[in-house]
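Each chain is listed here by its residues.
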Amino acid sequence: MKLLKKERKLLLEGKTKKIYTSDNPCEVIIHYKDDITSFNGLKKNVIPDKGILNNEITTFIFNLLNRYGIKTHFIRKMNNREQLCHKVNMFPLEFVVRNIVAGSISKRLGIKEGTPILNPIFEIFYKNDHLKDPLINDHHAVFLNVISHKELSNIYCIISNINNKLKKFFFDRNIILVDFKMEFGKGKKDNQIFLSDEISPDTCRFWDKETMNKLDKDIFRIGLKKEKIIDVYMEVLKRLNK
Ligand code: UDP
């Protein structure tokens, strides 16, 4: 019997998404909110319909990655704000891949934004609000007892594959994939690693190939109008559907 919406249990509420139980204990419903945050939650706002666009964009990208044979938690889009996904045990880690210098690495290493990175840089951030998500390395992650070296090397293979596929896919749509963040979880049954969370303009830096204009959450970080943010997210979706 299908669970009615009111019978769902809220399992978790994050900054931009809510996770509910579904009628299958191995699956969850992910609901995309309109909230937007940056600077570790210090700057917040609500952008009407952003959740609808991010659900659509993530659905598109995860379907694409599934077709490439990359295991993701995504099962199907349920409605304009919700997805049905496999339930996984999340690693409390954010994996960032960088193809061009921008954002925190530019400040940290004193290198000009826009500098190309020949061999993509992989970074790990420890998800901990209290510590403000510090940058860590493999040894720290293993020491923290949240992941093994074997799982890390497996994830590095997966993120390298995802980066190669997405870089080309976006480039063909006149978008440069500057950097992006991924999160992973372990399947309940056989500890298989699944790409989880979302891939959207909230979690990527996209630059227009011709103009180098920003097509992502940086529009919010630099304080442009709400309407402009939605326009830019819609532009990304339009180019995906090209
Ligand atoms: N990112 C993210 N969530 C975070 C932090 C970063 O999705 O909590 C993404 C961000 O949008 C960018 C990439 O990861 O595409 C690298 O972000 P960076 O380390 O430069 O941090 P920022 O300066 O953007 O906070």
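What counts and how
- Residues numbered from 1 in each chain as written.
- Predicted model: local features only at pLDDT ≥ 70, side-chain atom pairs only at ≥ 80, totals over all residues.
- Heavy atoms only, no water.
- Salt bridge = Lys/Arg side-chain N within 4 Å of Asp/Glu carboxyl O.
- Helix = DSSP H or I, 4+ residues; strand = E, 2+ residues; numbered from the N terminus.
- Buried < 20%, exposed > 50% of the residue type's maximum accessible area, 1.4 Å probe, protein only.
- Phe/Tyr/Trp six-rings, centres within 6.5 Å; stacked < 30°, edge-to-face > 60°.
- Lys NZ or Arg CZ within 6 Å of the ring centre and 35° of its normal.
- Near = heavy atom within 4 Å.
- Polar contact = N/O pair within 3.5 Å; in protein donor to acceptor, adjacent residues only side chain to side chain.
- Areas by Shrake-Rupley, 256 points an atom, 1.4 Å probe, with all protein chains shown as cover.
- Nonpolar A, V, L, I, M, F, W, Y, C, P; charged D, E, K, R; others polar.
- Pairing = 2+ DSSP bridges.
- Axes fitted to C-alpha atoms, helices over the stretch in contact; angles between N-to-C directions.
- Parallel < 35°, antiparallel > 145°, perpendicular 65-115°, else oblique.
- Left-handed = near helix turned anticlockwise from the far one by under 90°.
- Contact = heavy atoms within 4.5 Å.

*Asks:* Go over the pattern of salt bridges, please, and point to the residues and values.
*Replies:* Counted by the stated rule, this structure contains 23 salt bridges. Between Lys 50 and Asp 202 there is a salt bridge whose closest N-O contact spans 2.5 Å. Remark: Asp 202 occurs in the loop between strand E13 (193-196) and strand E14 (204-208) and Lys 50 occurs in helix H1 (residues 50-67); sequence separation between them is 152 residues. An identical accessibility class is assigned to Lys 50 and Asp 202; each is buried. With a closest N to O distance of 2.5 Å, Lys 77 and Glu 56 form a salt bridge. Of this pair, Lys 77 sits in strand E6 (residues 74-79) while Glu 56 sits in helix H1; the two residues are 21 residues apart in sequence, bridging distant segments of the chain. A residue is classified by how much of its surface remains accessible, and Lys 77, at 29% relative accessible area, is partly exposed. In this structure, a network of salt bridges that share partners links the residues Arg 98, Arg 108, Glu 123, Asp 179, Arg 205, Asp 218 and Arg 221.

*Asks:* Report on the packing of aromatic side chains, specifying residues and quantitative values.
*Replies:* Scanning the model with the defined rule gives six aromatic pairs in all. Arranged with centres 6.5 Å apart and planes meeting at 85°, the rings of Phe 95 and Tyr 156 form a pair that is edge-to-face. Of this pair, Phe 95 sits in strand E9 (residues 93-100) while Tyr 156 is found in helix H4 (residues 149-171), placing the two residues 61 residues apart along the sequence. Of the two residues, Phe 95 and Tyr 156, both sit in the buried class. Ring geometry for Phe 169 and Phe 170: centres 5.9 Å apart, planes at 85°, overall edge-to-face. With respect to burial, Phe 169 and Phe 170 carry one shared label: buried. In textbook terms, an aromatic cluster arises when at least three aromatic residues are bridged by ring pairs, as seen for Phe 60, Phe 169, Phe 170 and Phe 206. Above the ring of Phe 220, the side-chain terminus of Lys 43 is found at 4.8 Å from the ring centroid. Over the ring of Phe 169 we find Arg 173; its NZ or CZ atom is 3.7 Å from the centre of that ring.

*Asks:* Outline the site of the ligand, supporting the account with residue identities and numerical values.
*Replies:* Among the 15 residues in the neighbourhood of the ligand, the closest are listed as Arg 98, Ser 104, Asp 179, Lys 181 and Arg 205. In this structure, an oxygen atom belonging to the ligand sits 2.8 Å away from a side-chain N or O atom of Arg 205. The protein chains hide 80% of the 500 Å² of surface that the ligand would expose on its own. Those elements that provide at least two residues to the shell around the ligand are E9, strand E12 (175-187) and E14. Residues of the shell around the ligand, tallied by class, amount to five nonpolar, three polar and seven charged.

*Asks:* For the pairing of strand E5 (residues 43-46), give the residues involved together with the corresponding values.
*Replies:* Of the strand pairs in this sheet, strand E4 (residues 35-38) and E5 are connected by four bridges, and their pairing is antiparallel. Looking at the pairing, Ile 36 lines up with Asn 45 of E5. In sequence, E4 turns back onto E5 through a hairpin of four residues, with Phe 39 there showing a positive phi of about 55°.

*Asks:* So what about the pairing of strand E3 (residues 27-32)? Which residues, and what values?
*Replies:* With six of its six residues buried, E3 lies for the most part within the structure. Burial along E3 is two-sided: Glu 27, Ile 29 and His 31 and Val 28, Ile 30 and Tyr 32, pointing in opposite directions, are all buried. With five bridges connecting them, strand E2 (residues 17-21) and E3 associate as antiparallel partners. Note on E3: the bridge partner recorded for Lys 18 is His 31. Hairpin connection, E2 to E3: the antiparallel pair is bridged by five residues. Looking at chain direction, E3 and strand E7 (residues 82-86) are connected through five bridges and run antiparallel. Paired with Ile 29 across the bridge in E7 is Leu 84.

*Asks:* If you had to explain the packing of H1 against helix H6 (residues 226-240) to someone new, which residues and values would you point to?
*Replies:* Across the interface, H1 lies against H6 with an axial gap of 10 Å and an inter-helix angle of 25°. Classified by the angle between their axes, H1 and H6 sit roughly parallel to one another. Considering only the axes of H1 and H6, their crossing is left-handed. Between H1, through Lys 50, Leu 53, Asn 54, Glu 56, Ile 57, Phe 60 and Ile 61, and H6, the contact on the second element is made entirely by Ile 230, Tyr 233, Met 234, Val 236, Leu 237 and Leu 240. Here the residues of the contact of H1 with H6 are counted per class, giving ten nonpolar, one polar and two charged.

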